[in-house]
Every structure is written in structure tokens, then in C-alpha cells.
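Structural features, examined
Here is how the chains run, residue by residue.
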Amino acid sequence: MKTIDDFNFENKKALIRVDFNVPLDSAFNVSDTNRIQAAKPTIIKVLEDGGSAVLMSHLGRPKGQKNPDLSLTHICTTVSDVIGVQVKFVGDSVGETAEQAVAALQPGEVLLLENLRFYAEEEKGDSDFANKLSKLGDIYVNDAFGTAHRAHASTTIVADFFSENKCFGYLLAKEIAAIEKVMQTGEKPVLAILGGAKVSSKITIIENILDKVDHLIIGGGMTYTFVKAQGGAVGDSICEDDKMDLALSILKQAEAKGVQVHLPVDVIAANDFDNNAATQTAAVDKIPDGWQGLDAGPRTLEIFREVILKSKTILWNGPVGVFEMENFAKGTIAVGNAIDEATATGAFSLVGGGDSVAAVKQFGFADKVSYVSTGGGAMLESLEGKTLPGIAAIIAS
Ligand code: AMP
């Protein structure tokens, strides 16, 4: 795996695919600089070597239209502030103007290209467009994990034009290492905690992960499909009746593979999908009609905590309750606390994919786990066992 540390960028121009798809407020100011911060080490390494950096990214969904609201000019000042270098901007992402701006770039300088998705060719993975992009640097660096699952021109196809001169940036290398640590080289016992709303969106992950883990905690809305499939009464809880056979088959596969599955034994049931609904603690398989399970119950949380504390490698994807509502966030917070405790005593913990990332940030766990992934869809596809095109393109020579 070639990383940026395998190259010296002295007098070289690095064409870096970053993920600067950042949120903008109504005055077009960047409201969250996390993604820019995340790309900083890679950019600094190029500059400190004595090279220059050409940054390319998409912003929003302009769908091939030059939409001024989604111009990357809006983020130029913020990128300059974060990186500590005055960033230049060019109002195109390919062609003569962009090539001239790159030619004028001196060592130590940074140039930001215009939004890649102003060209429909970007998302189509157009080879001509990728070829034009490749004219804008000597070495291609992919540091955008968030788009690594897309075979777009700037994330994948462009790599074909760089032969050996391509590598992962620090952020992408860190993401790959974190996934490998959980899926391949993790110290045992390995635990996956899968929550979230639906079994159907997690099936491929569950099936892939059964070969890698010793323990599997299933929580959140997925619980009720498993419980009903085993003959339990789940009241009005979210349940995918058409996935009950699949749930039983997953449990069988787990047993055959020696994976211990931990499902909730009790839940906080509510008489409405509302933060202010009346609640009661109920056995997971005896939820009365008119009531729905919205969070893990106290006995369940004790069991989950025990399993988490004895694990040495932990993957967490998906909340174990409706954490967006304060009254049903306790389970997700308790899981976060237990992972925090396990990490403090030496476990490796990775949080990735969508809502669990939002939850760890909201509840202040982001600094207490070993790694929080920056990629939603890219992380989910990695956990499903897929090879991401953006990663494969760098590895291929
Ligand atoms: P996912 O994107 O699949 O990880 O699902 C995350 C969503 O699952 C969050 O918005 C949670 O509110 C929701 N969720 C978790 N537990 C439950 C539950 N018991 N009932 C309904 N939704 C749930």
C-alpha cells in the first residue's frame, strides 16, 4: 500500500483529491471545518517537502450545472485559515485556465480548483475528463475516504493516468488501517455492535462480519425483527416481517460459526413515537400492543456493557435506540460509555457509518474511541466486504 510517505514532493505538484464537501451556512460560511482539518496533514507534508498542492473536491450536488451557491470560492478563506497558507483559487477544474494556474504554482503554494461536480463528467467517471484532471499534477494523492466508494473521475479513473505516481494521503491510509484492524488483524475477542433502524440495510454487513467477530450485539430497531422471528411479541415496534426468515438464518449462521449473538432482553417501550410519550420497561418478547420499543432496557445495558468490557477490538455501527429523542438516548450513551471504558483499558474501537458517528459526536465520545470514520457510505461498503474503487485504483499499477 503506497502512502504519501513513500514520496518526496520537492519541486513536485501533488494533485490531491480531498473531501471538502463541507456544510455552508446561509452566508456561505463553512459551519464545520472537520473535513478540512482532516486533510491538513497530507497538504502540510507536500508543502514541507518543498512541493505544491493542487486541491480538488466536490461540494454539494450541482449535477453538472455551474451553480454559484456551490462554488468552492466560498471555502477558500477557511481552507487558508485551517492550513495556515494563503490558498489560491481558480474558477475551473480542468482546461487551459486551470492548467495555467497550476503552471504558475510555486513550491509551498496551494491552489484550490472549482467544484468538480460542475462537470457532469465527474460523476460519470468520464475518462477524457479524468485525463484532463491528470494534467494538473505530477503525483496523484487520494485523501477523500468519503467518496472512495464512488468510481468518479477524480476519485478513481484519474489514477489510471499516473502509473506508479499515485498514493493514499494520511487520512485515507488511516481509514484503511482502522478497517483492517477490525476486519483482519484485530486482537480477540472481536465485537461488532450493530444497531440502527432496519435489518434490511445491514444484512450484507452482518453476513460479512460473521466471519470476523467473536461477539455480535444487535440493537436498535433491528432487534424486533429478530425477536418476532423467534416467536416474541413486539407490540407496535418497528419490524420487517419479510425479513424474519433472514433473521433466523443469520442466527443459525452465527451459531455455526461460533459467534455469540447478544440481543436485548428488555426495552424501554413507549406508547407513541414521541419524546414525551408514556414509557414502561418491558421484556423484549412481551411488548404489549400499542407500545413500541425505542431504547435498550436496563438489564440489556448491563449485558452489553459486560460484553463490551471483555472485548479487545470493537466496531460500532448504528445506535441502539432512537437517540435523536432525549428520552430514548440513554442506551446509546451507555454503549458509548462502555466503549470509552474498554478503549481506556486497551481495546481498539472503531465507530463508523452514518448515525453512530453522529451519536458519538453529539454525546462527546469522539475523542474517547480509537477512531471515528469520516466516511458514511464508504465505511458501510467496506464493512460489507466490498473493495472500494478509489482504493483499488491506487493499489493497481
Ligand atoms: P441507521 O441509519 O440504519 O444506522 O439507523 C439509524 C436510525 O435508527 C436512527 O435514526 C435511530 O433513531 C433509529 N432507531 C434506532 N432504534 C430504533 C427503534 N427502536 N425504533 C425505531 N428507530 C430506531
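Residues numbered from 1 in each chain as written. Predicted model: local features only at pLDDT ≥ 70, side-chain atom pairs only at ≥ 80, totals over all residues. Heavy atoms only, no water.

**Regarding the environment of Phe304**
Along the chain, Phe304 turns up in helix α10 (residues 298-309). Each C-alpha atom, one on Phe304 and one on Asp245, is 25 Å from the other, the two residues being 59 residues apart in sequence. Those residues in contact with Phe304 that lie beyond four places of it in its chain are Ile217, Ile218, His262, Leu263, Pro264, Val320 and Val335. (Helix = DSSP H or I, 4+ residues; strand = E, 2+ residues; numbered from the N terminus. Contact = heavy atoms within 4.5 Å.)

**A few points about unusual backbone geometry**
Glycine aside, negative phi is the norm for most residues, and most peptide bonds take the trans geometry. Cis peptide bonds are those with omega within 30 degrees of zero, and the linkage from Lys188 to Pro189 qualifies with -5 degrees. Relative to the assigned elements, Pro189 resides in the loop between α6 (170-183) and β7 (190-194). For Asn11, which is not glycine, the phi dihedral falls at a positive 60 degrees. Its location among the elements puts Asn11 in the segment before β1 (13-17). In this structure, Lys63 takes a positive phi of about 50 degrees despite not being glycine. Summarising the element assignment, Lys63 is placed in the loop between β2 (52-56) and α2 (76-83). Since its relative accessible area comes to 63%, Lys63 is described here as exposed. (Buried < 20%, exposed > 50% of the residue type's maximum accessible area, 1.4 Å probe, protein only.)

**Side note on empty space enclosed by the protein**
Throughout the structure, instances matching the rule amount to one cavity of 30 Å³ or more. Val18, Asp19, Arg35, Ala38, Ala39, Asp143, Phe145, Gly146, Leu171 and Thr374 are the residues that line the largest cavity. Of the residues forming the lining of the largest cavity, the biggest block, three residues, is contributed by helix α1 (residues 34-49). Counted by class, the lining of the largest cavity contains five nonpolar, two polar and three charged residues. (1 Å grid on protein atoms, 1.4 Å probe; cavity = no way out; pocket = protein on both sides within 12 Å on 5 of 7 lines; lining within 4 Å. Points joined across faces, edges and corners; volume = space filled by probe spheres on them. Nonpolar A, V, L, I, M, F, W, Y, C, P; charged D, E, K, R; others polar.)

**A word on the layout of surface pockets**
Quantified by volume, the largest pocket comes out at close to 620 Å³. For the lining of the largest pocket, the elements supplying multiple residues, two or more each, are α1, α6, α12 (355-362) and β17 (371-372). Classifying every residue of the lining of the largest pocket by side-chain character gives 11 nonpolar, nine polar and five charged. Counted as a void, the second largest pocket has a volume near 440 Å³. Considering the residues around the second largest pocket, the lining is formed by 31 residues, among which Gly196, Ala197, Gly221, Pro319 and Gly321 are closest to the centre. Looking at the lining of the second largest pocket, the elements with two or more residues in it are α8 (223-229) and β14 (292-296).

**Remarks on the site of the ligand**
Close to the ligand lie 16 residues, the nearest being Ala197, Lys202, Gly293, Glu324 and Asp355. Lys202 is positioned with one of its side-chain polar atoms (N or O) 3.1 Å from an oxygen atom of the ligand. Note that a nitrogen atom of the ligand is positioned 2.9 Å from one of the backbone N or O atoms of Gly293. Coverage of the ligand by the protein chains reaches 82% of its 500 Å² of free accessible surface. Tallied by class, residues from the shell around the ligand come to six nonpolar, seven polar and three charged. (Near = heavy atom within 4 Å. Polar contact = N/O pair within 3.5 Å; in protein donor to acceptor, adjacent residues only side chain to side chain. Areas by Shrake-Rupley, 256 points an atom, 1.4 Å probe, with all protein chains shown as cover.)

**Focus: α6**
The end-to-end C-alpha distance of α6 is 20 Å, a good match for the 20 Å that 14 residues give at a rise of 1.5 Å each. When α6 is considered as a whole, its buried residues turn out to be Leu171, Leu172, Ala173, Glu175, Ile176, Ala178, Ile179, Val182 and Met183. (Expected span 1.5 Å × (residues − 1).)

**Observations regarding the packing of α10 against helix α11 (residues 330-344)**
For the pair α10 and α11, the least separation of the axes is 9 Å and the interaxial angle reads 25 degrees. By the angle between their axes, α10 is roughly parallel relative to α11. Crossing hand, α10 versus α11: right-handed. Note on element contacts: α11 touches α10 through Gly331, Ala334, Val335, Ala338, Ile339, Glu341 and Ala342, opposite Leu301, Phe304, Arg305, Ile308 and Leu309. (Axes fitted to C-alpha atoms, helices over the stretch in contact; angles between N-to-C directions. Parallel < 35°, antiparallel > 145°, perpendicular 65-115°, else oblique. Left-handed = near helix turned anticlockwise from the far one by under 90°.)

**Some details on the side chain of Thr3**
Within the fold, Thr3 resides in the segment before β1. Look at Thr3 and you get buried, because its relative accessible area is 17%. With sequence-adjacent residues up to four places away left out, Thr3 is seen in contact with Cys167, Phe168 and Ala173.

**Some thoughts on the pairing of strand β5 (residues 139-142)**
Alternating positions in β5 separate into two faces, Ile139 and Val141 on one and Tyr140 and Asn142 on the other, with burial throughout. Alignment of β1 against β5, held across four bridges, turns out to be parallel. Bridged to Ile16 within β5 is Val141. With three bridges connecting them, β5 and strand β6 (residues 166-168) associate as parallel partners. The partner of Val141 across the bridge, within β6, is Cys167. (Pairing = 2+ DSSP bridges.)

Structural measurements only, silent on function.
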